[in-house]
Amino acid sequence: MNSSPLSRISGILGTLRLVRSNEPHVGFSTTLAIYIARHFMLSTMAMICALTGLVSLFDFIDLLRRTATRPNVPTTLVLEIAALHIPYYVMYVLPFGMLLGGIVCFSRLTRSSELIVARAAGISAWQFLASPLACALFTGLLTTTGISALSSAMYRQAEILDQTYLRTGGGPMTMSGGALWLRQSDESLAPHGVAIIHARDMHMANNTINVSDVTIFRLDDHDHLLMRVETPQGFLAKKEWHFQDAMNLKPDHFPVKIGQLILPSDLTVERIQESFASPDTLSVWTLPGFIALLQRSGFPSIRHRLHFQSLLALPILAGTMALVSAGFSMRPARRGGVARMLGSGIAAGFALFTVSKVAEQFGRSGALPPVLAAWAPTGAGLCLAVALLLHMEDG
């Protein structure tokens, strides 16, 4: 038989009396903290699973639509691609799961008068929100450090399957006629020197990047031109550039034919491919080194820097959503307007999502620094949550 709200209230009151009698110096019951944290985690995990399932269902339907004109693609492959997307969608819906799950949890505890009794016993909102906030922060931290690595590996595999079986054309690295600009270290002529390589045509074959009509500018550490090399063709393999029939052009000198030229490089075919791929295929652990490599090589890194900052902000965003859900759902029923407050909480969550997407687009365009574009929505939501809780607790 399910316990009634009155029996739960009596149990909480008994716990509080026991804590106050046996632990006179403790202001907050550990039992109550575990009780609230358990309710919060059950609600948020159920909401995250429900939202992930809903998004995955729409993703599966979209994949089926794309395979309608491809009878040779089996349904099992579509299921595999949709399953590989699941960890990515878990990360995507995590803030919404925290918001909606927190609203369900706190509104239920308020409706059963359990939070009201706890506050009447002298426990402030900041005290009984400490355990849900810690759970939200821990969940966000676990997602950033653990699930992001799993998500990046599975999403990369899904992208490979998608590009192989579902897309009509290959990615940027499989297209002929594409130009390539890159910058890399070149210390064979001067310490801390660099080489700028410009190929007017590029294509892939047998896991090798082939370039043609290539110009190489070899500079010192002060960006002074030391040598210019013109070569009709070359290729990148095993961290080395191989150029054939190269011509050496120095300032105030006649062109000199040098034949084959080999330049060591810290780039690989896989890394160049990843620079064109989505940042979602890289985990939080590999992004810093990869961003540094992109910046040294002259590739744009703003998408990867923005994604890295978003991953770092995810635990704070999860905690912010937990506080926002508490601020909108702990209004006592006797004061009225509960449904309006709950609706306002959901609307505030989606408004925060819209602001984050707008800030992300500003960050991608370079109008905002990646740090500001990733952290500003989280900071705005945190200010909103603290203001609501201060108004609820202190009037």
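Residues numbered from 1 in each chain as written. Predicted model: local features only at pLDDT ≥ 70, side-chain atom pairs only at ≥ 80, totals over all residues. Heavy atoms only, no water.

Along the backbone of the protein there are twelve helices and six strands. For the protein, with 395 residues in total, the buried portion stands at 44%. Total accessible area on the protein stands at roughly 20000 Å², and carbon and sulfur atoms take up 63% of it. (Helix = DSSP H or I, 4+ residues; strand = E, 2+ residues; numbered from the N terminus. Buried < 20%, exposed > 50% of the residue type's maximum accessible area, 1.4 Å probe, protein only. Areas by Shrake-Rupley, 256 points an atom, 1.4 Å probe, with all protein chains shown as cover.)

On to the pattern of salt bridges. Opposite charge on two side chains makes pairing possible when the charged atoms of those side chains draw close. If you walk through the whole model with that rule in mind, you get seven salt bridges. Asp62 is the partner of Arg65 in a salt bridge, and the nearest nitrogen-oxygen pair spans 2.8 Å. Pair noted here: Arg65 and Asp62 are both in helix 2 (residues 30–66), with a separation of three residues, about one helical turn. Residue class for Asp62 comes out partly exposed when judged on its relative accessible area of 32%. Of the charged contacts, one joins Asp186 and Arg218 as a salt bridge, the two residues approaching to 2.7 Å between their closest N and O atoms. On the criterion of sequence distance, the pair formed by Asp186 in the loop between strand 1 (180–185) and strand 2 (194–205) and Arg218 in strand 3 (residues 208–219) is long-range, its members being 32 residues apart. In terms of burial, Asp186 and Arg218 fall into one category: buried. Each of the salt bridges in this network shares a partner with another, and the network as a whole consists of Lys357, Glu360 and Arg364. (Salt bridge = Lys/Arg side-chain N within 4 Å of Asp/Glu carboxyl O.)

Let's shift gears to the layout of surface pockets. A volume near 770 Å³ is recorded for the largest pocket. Surrounding the largest pocket, 32 residues form its lining, Tyr92, His307, Ser310, Lys357 and Glu360 being those nearest its centre. Top contributing element to the lining of the largest pocket by residue count: helix 10 (residues 302–329), with nine residues. A class-by-class count of the residues in the lining of the largest pocket yields 18 nonpolar, nine polar and five charged. (1 Å grid on protein atoms, 1.4 Å probe; cavity = no way out; pocket = protein on both sides within 12 Å on 5 of 7 lines; lining within 4 Å. Points joined across faces, edges and corners; volume = space filled by probe spheres on them. Nonpolar A, V, L, I, M, F, W, Y, C, P; charged D, E, K, R; others polar.)

Along the chain, Arg156 turns up in helix 7 (residues 130–165). We classify Arg156 as partly exposed; its relative accessible area is 30%. The spatial distance from the C-alpha of Arg156 to the C-alpha of Leu84 is 8.8 Å, given a sequence separation of 72 residues.

Fair warning: the whole summary comes from geometry, so function is off the table for now.
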